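The lines below spell out each chain.
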Amino acid sequence: MISRTTQSLLAAVGVLALAVGIAEVHAPTGQAAAPGATVRTAVQHSSLVCPPPLQSLTGSTVYSLAVPGAQTGGAQSSGAQSSGAQNGAAGAAGTAALGALPASGTAGSSAPAAAAKPLATQTSVGGATAAKAASGAKAAALLGTADGSTAPGFTVQQTTTGPGKALSGTACGTPGTDFWFAGGDSVKGSVDYIELTNAESTAADVDVRIFGPNGEVENAQASNINVPAAGTSSLLLSSLLSPGNDNLALTVHVLVRSGRVGAALHADSGDTKGADWVPPTTPASSQVIPGLPGDLTNAVLLVAVPGPNDVDLKVQLASQDGWITPAGHETVHAKAGMVTAFTLGALTHGQPATMRLTPSDPKQADPFVAGIQVFRGKTKTGTDVGYLAASTPIGQRATAAGNTNGTSTLLLTATGAAAVVKVSEIGGSGTPTTQNVTVPAGATVPSVLKGPNGSYAVTVEPVSGGPVYAARMISVNSGSVPTFTVQQLPDDHSTVQIPRAVQNDSILMP
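What you are looking at is a predicted structure, and each value in this text was computed from that prediction instead of being measured.

A word on the overall build of the protein. A tally of regular secondary structure across the protein gives one helix and 37 strands. Put simply, the protein has 510 residues, and 51% of those count as buried. Across the protein, the fraction of contacts at a sequence separation of at least 24, relative to all contacts at a separation of at least 6, is 81%. Accessible surface for the protein amounts to roughly 21,500 Å². Of this, 55% is attributable to carbon and sulfur atoms.

Before going further, it helps to examine the state of the cysteines. The full count for this structure, using the stated rule, is one disulfide. Cys 50 shares a disulfide with Cys 172; S-S distance 1.9 Å. Its S-S torsion of approximately 105° makes the covalent link between Cys 50 and Cys 172 right-handed. Of the two residues, Cys 50 sits in strand 2 (residues 45-50) while Cys 172 sits in the loop between strand 10 (167-171) and strand 11 (178-185), which places them 122 residues apart along the sequence. Each member of the pair, Cys 50 as well as Cys 172, is classed as buried.

Mapped onto the secondary structure, Thr 170 falls in strand 10. Classification of Thr 170 by relative accessible area gives buried; the value is 14%. If we skip the residues at most four places from it in the chain, Thr 170 touches Pro 51, Val 156, Gln 157, Gln 158, Trp 277 and Gln 487.

The rules we used
- Residues numbered from 1 in each chain as written.
- Predicted model: local features only at pLDDT ≥ 70, side-chain atom pairs only at ≥ 80, totals over all residues.
- Heavy atoms only, no water.
- Helix = DSSP H or I, 4+ residues; strand = E, 2+ residues; numbered from the N terminus.
- Buried < 20%, exposed > 50% of the residue type's maximum accessible area, 1.4 Å probe, protein only.
- Contact = heavy atoms within 4.5 Å.
- Areas by Shrake-Rupley, 256 points an atom, 1.4 Å probe, with all protein chains shown as cover.
- Disulfide = S-S within 2.5 Å.

Structure below.
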């Protein structure tokens, strides 16, 4: 005779065995089932933050939105599996003023990001669109969101034209907690703003550290900055500096203590020298800076060393003819804890290029931050300025929105072996036009984009060969001044890496 206790125990064991059996029958399949593979899948949600339209300019600002969709091929990392078009869920992408964010919502929620009418929307994959921003200094920052099939590679570009002799552009970024900006200054007349935008439902706490040629600048006003939920804190850079810190080249470090923010720095000389957004970057022991125009009239390299050791760096340029060492600027020496500026002049000599900075002694490789201030035009008639920063290879794919016919140039550099990339131009509708571009080893290849009418996007995907760095320059002649802006093109984060799933029946046992 079996007791009731024994019967209950046997029943429990039977249920457990059934559960184990079901787990074995329905083992993980597809991407997560391959032991040792690097598993990637298409992202399902993407959110981007654009800074408010420029305070110091009252010109026209345009937001350009691109939805390239899931990748269809191209090179993959060893052991990786392409997500392809597996992300088939319907979705929509759009942009709207951040102030319209509902009180209970966040930038990462799947609910609509804004109650107000979106400025621009895109529901079909493989399309691009554009819309004008609200004018005036009180216009809010912009929040862009994309879900489902529209999320992979979702990109937004903010471009401001004038007034005057300036073109300012920036790729809207993902909220984060740590940003470096190699640019900005305290020269008399400069109007540089740090824009801290919080798309979350709770306030963020932020510190801003500023470094100059003599080390970190004392700035008690830049600690514990409160950035309100669904709001922006706009900080005039000069107001954060203590007296006596005039005429300095600066590097800015934004460190978020709680929450996440989108950080941006706009540098405006306040005169005919021009203005532009300074792209964010990160410290590393070697840096690659793509996007130097061939017709630049002057370039100023900024190197900031956050650590305790000086750095000695070898300077190389990947020109159209391959690697060269700029005469008179073969190496640079930057001091620990300080910002060092190097005036390089018209070092590209008519050929667009990418700069590579590596330790002179590989045994002494300390991290540093690097950026280049690039000038085009002549002093007598006026110049415009663009800011470049150390970037990363395009990875699986890169995307740039906001191109128009005859104004956009793509700059591609193969820093290692020769490479082939697929360049696609995506308009408002229809099939993208594609071509394969060969990039010789150590060389930079310029390509004037000739896409469809109106605003369009361009994507770059590796096909074969070594790593490729990319940048896109928008240039519009404003009288005698070649106004321009350059954006580097890192990976567009169309996929996300997920942990490898391994079946383990032991977790079901008591």
